[in-house]
Amino acid sequence: MAKVLVVTSGKGGVGKTTSTAALGAALAKTGKNVVVVDFDVGLRNLDLVMGAERRVVFDLVNVIQGDAKLAQALIKDKRIDTLSLLPASQTRDKDALTAEGVAQVMEELRSKFDWVICDSPAGIERGAQLAMYHADHAVIVTNPEVSSVRDSDRIIGLLDSTTEKAKNGEKIEKHLLLTRYDPVRAARSEMLNVDDVLDILSIPLIGIVPESQDVLRASNLGMPVTLASPDSAPAKAYADAARRLSGEKVDLNIPAEKKGFFGWLFGRSGA
Amino acid sequence: MSFLASFFGRKGSAPVARDRLQILLAHERADRGEGGSDLLVQLQKEIMEVIRRHISVDQDKVQVKLDRQESCSMLEIDIEVPGLEKKSADKNG
């Protein structure tokens, strides 16, 4: 049974696209058939983060408008053969995505893949609403920072009221993914810590991705971080999160300030 | 992947990012100029129209691949052409 997952946040720049690529690649590495879908019409970037930007011919809007078949718009990843990308269009037409069109594409994707991962645009408007509408699961990407937490709370409200599941009286499974977490600054009370955020949002935590240079390097190279540096701390956090999404029980350790890997990694940035 | 990692080293990912962006933006800026849509996508459309004038092609059996490079791009259109015998036997095909 296919699962549709939306990666959302409300706020921009918190790591939705990075997380979509990393989780998609991590799930595909376990042998699942995965498609990552870019819903950010007009400002697509998932193709760039996935390293497929030179290969885009057709996109989601072409499929919805009947100019291309779904199979023609899907771009197979060159590194993992169970991973595909459906790019967004660069059109400026706000109404290019229709509810019916998206519903049709999602139904077809469900029949072809084990996981359909929708990368939501920032904001709470049409694109974001359509990205979340068909979801069974939601990963809410949040930075330990006041405006991000507030916007995540808004999004949680929308997930519980405006989605298909909500309208049928069912619940979307919501998971909090804390990104750009700096244990040193959290320990010094300069940054909200994990418990603060969990207390406020009260949804289950699926992972904590530490702030890391590996993430920037991965997007420079056009690779999900789970492929570019699989042994790095963020890649491991994403891989564990992917296993939890698949229903596995994996212990979650909160990165703490200690003399060790994190001390070395973050110690220098404290000045 | 490990070969890429060792090739670019720990410090050298920004030049890759710059090269990728330069190629991508050159294409995207050209698309936004006169005529609007991507030349290669337009070419692909017209080539398909010409082919359809002569044979009936099943949209599902057409694969289009594109690779935009700095100095040249590759457009690859893969069409499964129905056999002539089968076509005359099956008029709905």
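Each chain carries its own residue numbering, running from 1 in the written order of its sequence. All chains are assigned letters beginning at A, and all ligands numbers beginning at 1, according to the order in which they are written. In keeping with the model being predicted, local features are shown solely for residues with a pLDDT of at least 70 and side-chain atom pairs are shown and tallied solely at 80 or more, while totals for entire chains, interfaces and linings include all residues. To get the side-chain values, take all heavy atoms of the structure and skip hydrogens and water.

Draft legend 1. Expanded view of the sheet that holds strand 6 (residues 137-142) of chain A. Residue and element names in this part refer to chain A. Spatial strand order, 3-4-2-5-1-6-7-8: eight strands in an open sheet with mixed pairing. Edge positions in the sheet fall to strand 3 (75-76) and strand 8 (205-210), since each has one partner strand and no second. Two strands are counted as paired when DSSP detects at least two bridges linking them. Strands are runs of DSSP state E lasting at least two residues, helices are runs of H or I lasting at least four, and both sets are numbered from the N terminus onward. Pairing of strand 6 with strand 7 (residues 173-181) involves six bridges; the strand directions are parallel. Within the sheet, the bridge partner assigned to His 137 lies in strand 7 and is Glu 173.

Draft legend 2. Molecular detail of the interface of chain A and chain B. Here, residues are in contact when the closest pair of their heavy atoms is within 4.5 Å. Chain A puts 23 residues into the contact, and the matching count from chain B is 27 residues. The term buried area refers to how much accessible surface (probe radius 1.4 Å) is lost by two components on association, counted for both of them together. Counting each side, the surface lost to burial between chain A and chain B is near 2,300 Å², with a carbon and sulfur contribution of 50%. We count a salt bridge whenever a side-chain nitrogen from Lys or Arg sits within 4 Å of a carboxyl oxygen from Asp or Glu. Counting the contacts that link chain A with chain B gives one salt bridge. Between Arg 20 of chain B and Glu 53 of chain A there is a salt bridge whose closest N-O contact spans 3.1 Å.

Draft legend 3. A nonpolar patch on the surface, seen in detail. On the surface, Leu 39, Leu 43 and Ile 47 of chain B cluster together into a nonpolar patch covering about 260 Å² of accessible area. Note that Leu 39 of chain B resides in helix 3 (residues 39-54). Each patch is built from residues lacking any salt bridge and having more than 30% relative accessible area; the joining distance is 9 Å for like charges and 5 Å for nonpolar side chains (Val, Leu, Ile, Met, Phe, Trp, Tyr). Computed by Shrake-Rupley with a 1.4 Å probe, the accessible areas treat only the displayed protein chains as cover when residues are assessed.

Draft legend 4. Spatial organisation of empty space enclosed by the protein. Residue and element names in this part refer to chain A. The distinction between a cavity and a pocket rests on a 1 Å grid over the protein atoms alone: a 1.4 Å probe fits inside a cavity but cannot get out, while a pocket stays open yet meets protein on both sides within 12 Å along at least five of seven lines, and a residue with an atom within 4 Å of a point counts as lining. Grid points are joined across faces, edges and corners, and a volume is the space filled by probe spheres set on the points. Applying the stated criterion to the full structure yields two cavities of 30 Å³ or more. Roughly 40 Å³ of volume is contained in the largest cavity. Together, Met 50, Ala 52, Arg 55, Ile 75, Lys 76, Asp 77, Lys 78 and Leu 85 line the largest cavity. If you add up the space inside the second largest cavity, you get close to 30 Å³. Taken together, Thr 18, Ala 21, Val 49, Val 215, Ala 218, Ser 219, Met 223, Pro 224 and Val 225 make up the full set of residues lining the second largest cavity. Those elements giving two or more residues to the lining of the second largest cavity turn out to be helix 1 (16-29) and helix 11 (213-221). For the lining of the second largest cavity, the element with the highest residue contribution is helix 11, accounting for three residues.

Draft legend 5. Region of interest: the side chain of Gln 44 of chain B. Topologically, Gln 44 of chain B is positioned in helix 3. Dropping the residues within four chain positions of it, Gln 44 of chain B is found in contact with Phe 58 of chain A together with Val 64, Leu 75 and Ile 77 of chain B.

Draft legend 6. Looking closely at helix 11 of chain A. All names here are of chain A. What helix 11 keeps buried is the set Asp 214, Arg 217, Ala 218, Asn 220 and Leu 221. Down the axis of helix 11, the buried side of the element spans an arc of 160°, and every buried residue falls inside it. Its side-chain oxygen placed 2.9 Å from the backbone nitrogen of Asp 214, Ser 212 serves as the N-cap of helix 11. Where helix 11 ends, the next residue or the one after it, Gly 222, has phi of about 75°, a positive value. Exposed residues in this analysis have more than 50% of their type's maximum accessible area, buried residues have under 20%, and partly exposed residues fall in between, with area computed by a 1.4 Å probe over protein chains only. The arc refers to the directions leading from the helix axis to the C-beta atoms. Pairs of N or O atoms are called polar contacts if they sit within 3.5 Å, as long as, within protein, a hydrogen donor faces a hydrogen acceptor (for residues adjacent in sequence, only side-chain-to-side-chain pairs).

Draft legend 7. View of the nonpolar core. Residues and elements named next belong to chain A. Counting residues in hydrophobic clusters, the biggest one holds 55 residues, and the most contacted among them are Phe 39, Leu 86, Leu 109 and Val 116. Per-element accounting of this core gives the leading share, five residues, to helix 7 (residues 146-159). Met 50, Ile 75, Ile 117 and Val 209 belong to the second-largest nonpolar core, a separate cluster that totals 40 residues. We call a set of buried Ala, Val, Leu, Ile, Met, Phe, Trp, Tyr and Cys residues a nonpolar core when their side-chain atoms join them within 4.5 Å.

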